[in-house]
Every structure is written in C-alpha cells, then in structure tokens.
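Single-letter residue listing:
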Amino acid sequence: MSSNEKGAEGRRDRCEETTPWQSHLSSPSQRLASLLHSSHLSDLTITFPGRKTTVKAHRFVLAMTSPVFEAMFYGDVEEKRVLCLTEDSPEPFMWVLKYMYCGIEDLLSVDLALQVAQLASKYQINNLSSFCSKFLLNNLSSGTVVRVYNTAAMLDDEQLLRKCSQVVDEVAESLLTSKDIGQLSRTSLTHLLSQPIHMPEILIFRSIMTWGQSQLAARSEECQCGRLLEEIREFLPQVRFLTMTASEFVELVMPSGVFTPEEDTAILMNIEGHDVPLPDNCCLMKTKREGALSLSLSLSLSLSLSLSLSLSLSLGVSSLSRELFD
C-alpha cells in the first residue's frame, strides 16, 4: 500500500471515529432501538440473581413504558442504578425490554406469551397486556388451555377466561378425566365450575377429586380423607349430586368419604324421591346440566366391595324410610 493510500485510509478511520452515532440513524425510533443492549448513555444495570445475564439499560426508556418503573426510578425513593430482578426470568424480560426500545415483536410461543403477559401485568404495560391476550386467544388449544387458564385467572382477563372455559367444554371429557385437571389453579377451577359445563355430574365430581389429590401430592401431603375433604370442600356445592343415579352415588361418591354416613343417606333418599333435609354443602339443583349425557360407569372398585356397599345401604335406607314415612 502506497503512502497516499495509507494516508487516505487513516483519514477515513478518523472521520468514522468523529462521526456522531446519530448521523447513521434517520429516525427517533432507529436511534432508540440502537441503544438496546448498549452501554452508551446507559444509567442502569439489570441483573438476575443466579444467572450470568447482565443488561445495560436506560431508566428513562423503562419509565416511559411502565408507571411502575417510573415510580421506581423517579419517585421519592433513593436513586437506583442497579435493578435486581429476583422474580423475573431473563428470557421473557429481555423480550419486554426489546418491546420498550423497538416496539411490538412477534411472540414465538404460547409459553413465552404467558410469561410476557405476567410481566406486562406486573409492570402495568397495558398495551402489551392486550397484545398478549389477543395472541393467546388466537393460539388457544386443548393442549395449552390449562396453562392459559391459570394465567387468565391470575390476571383476571375476562375475555380470555371465557374463551378458556369454552375450550374446556369442547374437550371436557378428555380433560376432566386426565391428570391435567390437577394443574389448574384453585382460581381457575373456581371459574370453570361457575361456567356451563356440558358433562355428567359424576365426571365433574371425579375431576374435583382428582384435582384435590393432585394438590395434596404437589405438597407431598398424605392423601387422607380428611385432608382431601378440606382441599375440595368449597367445590362440593357446585356438584349437582341430586341429578346422579342411586348407583352412581353409591358406587363413586360414598366411598370417597366426602360426606358422613348420615349425609350420604339423606342425599340418597332425595335422589330416590324422598324429601328429607340435605347437608349444607349439597347443591339443591335437581335438573341435569344442558347437553350432559349419561356415561357408563367404569369402576375400579372390587365387585365384592360394590355389592357390599349397595346391599348395606339399601337395607339402611329401607329401614330409615319405614321409620320416617310409615
């Protein structure tokens, strides 16, 4: 390379070094986006305990998007230069950060959308919450409905909750008879049981039992009858026991122990047409759910136990009936 060429290259390098970074960016949005992950003008370091991820950011950008960050950085509290996010995962937060600098980006999965939706709610980014809700509505399926239901309940997203309950109703038999029902949060199950469910009552009862057993197992608690009853007690009034057949009640409800023997007898007598006082936590409705079809019972109980229960209860009911009505 000649001396003239070397001199020209040196002048170009010096020119590039002195050219303001803003000169290469034609719009405010481009200039803002260029600061993402840049230490230039940065006045904030974001850390995630237990992770190696460290991010340089700009307090003003975060405050422009979130009133939570505005109060955090520009309120009366001591000025923050390091933001330690102990509850947030780096991946969804980085997506939110990119949204703050660059605007809406594509959500690549339902799982990511669920995490971003929770962050949007936490930091009061309403437009982002709406965007996530719309994405989840359009990508809801039987395979994702439990996870979406829990987030919708946590965020109190009424539109998403209604859609989730509709999807559950469409696949009720497969979902309510699977262990996936145990993944529903208590709030989600409460909402689901308040919605129209076109399924037989015995299936709804069994799903509540499965849910309660799953909650105890998740806490490594022994599944004793008393503990299970405490776990599911609030849901029992949602079950229309009086629409069951006598055999369904005898073979599947009574062995569960959710009612005392006296309460079992009272409910069974009402099923058989006798008007006697019912337990406080027993639903009074006698009409079947719209569209509910009777299912053939698939029992895991031994035949001897089933026959023994049926026979002993029949004798007891007959005796009690004679005492009350003769």
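Coordinates for the structure precede this section.
Here the structure is a predicted model, which means the values were calculated and not measured. (Residues numbered from 1 in each chain as written. Predicted model: local features only at pLDDT ≥ 70, side-chain atom pairs only at ≥ 80, totals over all residues. Heavy atoms only, no water.)

We now examine the pattern of salt bridges. Under the defined criterion, the tally for this structure stands at twelve salt bridges. K122 serves as the salt-bridge partner of D88, at 2.8 Å between the closest nitrogen and oxygen. You can see D88 sitting in the loop between β3 (82-84) and α5 (90-102) and its partner K122 sitting in helix α6 (residues 110-122), a full 34 residues away along the chain. Judged by its relative accessible area of 9%, D88 is buried. Residue R186 pairs with E231 through a salt bridge whose shortest N-O separation is 2.6 Å. (Salt bridge = Lys/Arg side-chain N within 4 Å of Asp/Glu carboxyl O. Helix = DSSP H or I, 4+ residues; strand = E, 2+ residues; numbered from the N terminus. Buried < 20%, exposed > 50% of the residue type's maximum accessible area, 1.4 Å probe, protein only.)

Below, the discussion takes up helix α11 (residues 186-193). The periodicity of an α-helix, 3.6 residues per turn, causes residues three or four places apart in sequence to face the same way. Those residues of α11 that fall on the buried side of the exposure criterion are S188, L189, H191, L192 and L193. Each element contacted by the buried residues of α11 is listed here: α8 (145-155), α9 (158-170), α10 (172-176) and α12 (201-218). (Contact = heavy atoms within 4.5 Å.)

The next subject is the side chain of D157. Mapped onto the secondary structure, D157 falls in the loop between α8 and α9. Buried D157, no salt bridge; nearest opposite-charge side chain is R162, N-O distance 7.3 Å. Here L160 takes part through its backbone nitrogen, which lies 3.1 Å from a polar atom of the side chain of D157. Those residues in contact with D157 that lie beyond four places of it in its chain are S133 and A152. (Lys, Arg positive; Asp, Glu negative; His and termini not counted. Polar contact = N/O pair within 3.5 Å; in protein donor to acceptor, adjacent residues only side chain to side chain.)

A word on helix α15 (residues 261-271). The buried fraction of α15 is high, at eight of eleven residues. Among the residues making up α15, those that are buried are D264, T265, A266, I267, L268, M269, N270 and I271.

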